Amino acid sequence: MDTDYDSSHLGQVNFYSKKRGQCLPTAEEKPDLHSSASVDPDIARQLFEEGAFLFFLDVPEKTEFGIDITSWNVGEKFKGLKMIPPGIHFVYYSAVSKDDVTSPRTGFFHNFKSREVLVKRWDHAHEGMSVEVVSAEETERLSLNVKNLDGYLGAYPYTSYKKWVSLTRWITDDTVERLSPLGPNRSVFSVQQLESLPHISSRAGTEAPPKKLKAEARQNPLTDLPDMKVIESTRIRFSDLSLRPVTTAGAVPSDITRLNMDRSGALEKLISTDCTGVQSEALAEIQFAFVCFLTGQVYDAFEQWKKLVALLCSCEESIHKRPQLFIDFIGLMFFQLREVPRDFFVDIVSQENFLTQTLQGFFSIVENSPDVDEALRSKAQKFKQHLQKQFSWDFSTEVGEDAPTIVED
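Every value quoted in this text rests on a predicted model; they were computed, and no experiment measured them. (Residues numbered from 1 in each chain as written. Predicted model: local features only at pLDDT ≥ 70, side-chain atom pairs only at ≥ 80, totals over all residues. Heavy atoms only, no water.)

## Here's the deal with the packing of aromatic side chains
Thought 1: According to the stated counting rule, one finds 25 aromatic pairs in the structure shown.
Thought 2: Every member of this aromatic cluster is reached through a ring pair, and the members are F326, F329, F362, F363, F383, F391, W393 and F395.
Thought 3: Geometry around F108 places K120 over its ring, the cationic atom sitting 5.6 Å from the centre.
Thought 4: The ring centre of F354 lies 5.6 Å from the NZ or CZ of K306, which sits over that ring. (Phe/Tyr/Trp six-rings, centres within 6.5 Å; stacked < 30°, edge-to-face > 60°. Lys NZ or Arg CZ within 6 Å of the ring centre and 35° of its normal.)

This is the structure we're talking about:
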């Protein structure tokens with residue numbers, strides 16, 4: 001929701017510009033930077049003493065800057081944020097041109113420690129965060145001077161902190177290290193970062209001579225366009241969830257059908273390999289993907305989120321083996337669907353009935369499988385009732401034509 005921000009709590013310093021800000025994605029919530037007005041004084045005092053500081057130096061006025069689920073357009077004296085609660089946070093920014101054109105978003109995850117001072121600098125040439133590490137001397141100087149620079153630092157939007165925690169509960173340092181891109185600053189990009197490939201002769205496997213390239217261009221103008229590929233170091237390193245038919249030596253057809261309908265094997269492999277045996281890391285990847293889509297605006301992350309949700313909703317054997325994982329999965333889904341406005345997210349995931357069909361399969365497994373953990377069964381039933389009431393979703397119809405074909409012996 002658009003709103004003007006009052007920076008009176010910053011000692012009359014023009015910290016945020018008068019340009020209207022943007023709150024992402026909780027449209028019902030107005031970001032409030034009044035640490036003294038919107039946060040209990042004792043909490044504000046504790047956050048100032050124990051919270052972390054982020055200095056982001058030389059950021060141009062009007063640049064969009066955000067942390068977690070709130071963003072603003074900065075003023076000319078902006079130098080960063082104070083009172084950041086310790087823990088995992090997502091910091092992001094977008095350059096804004098003189099014509100008010102906003103560039104694609106870039107961000108990074110960071111686990112802020114208590115009283116940590118993190119210093120970043122803007123690179124004007126590349127319109128983004130500099131890849132050069134700020135010197136230890138400058139970091140120390142800023143650390144010793146935080147109280148004098150208080151007027152240049154905005155307060156962390158604490159009113160939205162509980163929402164952020166509910167969306168990132170399972171994300172750990174290991175998650176961030178495992179999934180973040182390997183490129184400079186471990187940056188997450190909202191658009192693919194591409195590099196051109198040299199023209200290659202298909203026969204010889206060598207670079208084609210200029211005359212041949214010109215001749216090809218005359219015959220087909222599209223050949224004059226450079227071949228592009230994604231820069232591997234900029235990819236989010238999501239787990240590979242490619243659907244592959246499951247086969248087992250000596251298995252009868254009905255067993256193969258069961259293995260391909262029940263994706264417990266794929267989930268167990270994900271947990272044992274990518275998640276190094278820690279089942280909560282599967283939930284962490286769901287949350288990581290969700291945040292990258294929600295605030296990082298990465299569409300590939302949305303696709304990964306759908307794949308992970310579909311996987312956990314298709315595991316009959318694992319439901320018996322890992323009931324707590326699925327109890328926690330229900331809680332995760334509850335908060336993800338609750339903390340975002342319907343017009344921002346629910347309408348998107350409802351396309352082609354993705355969630356209704358996927359969750360219908362999950363509820364069917366829990367309801368119809370024998371000896372399911374009673375706590376899980378109860379939680380699933382309450383979640384189903386909540387979705388029916390909140391979104392008027394119908395879980396009574398069959399999946400339809402896309403359901404797998406059953407192979408009999």
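After that view, the rundown keeps rolling.
## Concerning the pattern of salt bridges
Thought 1: Tallying each qualifying case throughout the model produces 16 salt bridges.
Thought 2: Between K321 and E268 there is a salt bridge whose closest N-O contact spans 3.2 Å. Of this pair, K321 sits in helix α11 (residues 316–321) while E268 sits in helix α8 (residues 264–272), placing them 53 residues apart in sequence.
Thought 3: Accessibility expressed as a relative area gives 16% for E268, which makes it buried.
Thought 4: Where salt bridges share partners, they join D58, R121, E138 and R141 into one cluster. (Salt bridge = Lys/Arg side-chain N within 4 Å of Asp/Glu carboxyl O. Helix = DSSP H or I, 4+ residues; strand = E, 2+ residues; numbered from the N terminus. Buried < 20%, exposed > 50% of the residue type's maximum accessible area, 1.4 Å probe, protein only.)

## Re helix α15 (residues 374–391)
Thought 1: Counted at 1.5 Å a residue, the expected span for α15 with its 18 residues is 26 Å, and the 26 Å between its end C-alpha atoms agrees.
Thought 2: Buried residues of α15: L376, A380, F383, K384, L387 and F391, and no others. Along α15, the residues classed as buried sweep out an arc of 105° about the axis, all on the same side. Along α15, the residues that are exposed and aim more than 90 degrees away from the buried face are E374, K382 and K389.
Thought 3: Between the side-chain oxygen of the N-cap and the backbone nitrogen of A375 there are 3.1 Å, and the N-cap of α15 in question is D373.
Thought 4: Where α15 terminates, the next one or two residues include S392, which has phi positive at roughly 60°. (Expected span 1.5 Å × (residues − 1). Arc of directions from axis to C-beta. Polar contact = N/O pair within 3.5 Å; in protein donor to acceptor, adjacent residues only side chain to side chain.)

## A word on the environment of W305
Thought 1: Checked against the element boundaries, W305 lands in helix α10 (residues 299–312).
Thought 2: On the basis of relative accessible area, W305 is assigned to the buried category, the value being 1%.
Thought 3: Linking W305 and F288, residues 17 residues apart in sequence, is a C-alpha distance of 8.6 Å.
Thought 4: A polar contact is formed between the side chain of W305 and the side chain of Q336, at a distance of 2.9 Å.

## Regarding the packing of α8 against α10
Axis angle and axis distance: for two packed helices, these are the angle between their axes and the distance between the axes, and together they describe the pair.
Thought 1: Orientation of α8 relative to α10, taken along the N-to-C sense of each, is 120°, at an axis distance of 9 Å. When the axes of α8 and α10 are compared, the pair comes out oblique. Residue-level contacts link A266, L267 and L270 of α8 to L308, L311 and L312 of α10.
Thought 2: Partitioned by chemical class, the residues of the contact of α8 with α10 number 6 nonpolar, no polar and no charged. (Axes fitted to C-alpha atoms, helices over the stretch in contact; angles between N-to-C directions. Parallel < 35°, antiparallel > 145°, perpendicular 65-115°, else oblique. Contact = heavy atoms within 4.5 Å. Nonpolar A, V, L, I, M, F, W, Y, C, P; charged D, E, K, R; others polar.)

## Brief notes about the pairing of strand β6 (residues 87–94)
Thought 1: Judged by how many residues are buried, β6 sits mostly within the fold: 8 of 8 residues are covered.
Thought 2: Where strand β3 (residues 64–67) meets β6, 4 bridges bridge the pair, whose relative direction is antiparallel. Its bridge partner lying in β6, G66 is registered against Y92.
Thought 3: For β6 and strand β7 (residues 106–112), the ladder comprises 7 bridges, and the chain directions are antiparallel. Across the sheet, G87 pairs through a bridge with F112, a residue of β7. (Pairing = 2+ DSSP bridges.)

## Here we look at the environment of Q390
Thought 1: Structurally, the position occupied by Q390 is in helix α15.
Thought 2: A relative accessible area of 42% places Q390 in the partly exposed class.
Thought 3: Residues Q390 and R338, 52 residues apart in the sequence, show an inter-C-alpha distance of 9.4 Å.

## Re the pairing of strand β5 (residues 80–84)
Thought 1: For β5, the buried fraction is high: 5 of the 5 residues fall into the buried class.
Thought 2: Here β5 pairs with strand β10 (residues 153–155) via 3 bridges, running parallel. When the sheet's bridge partners are listed, G80 is paired in β10 with L153.

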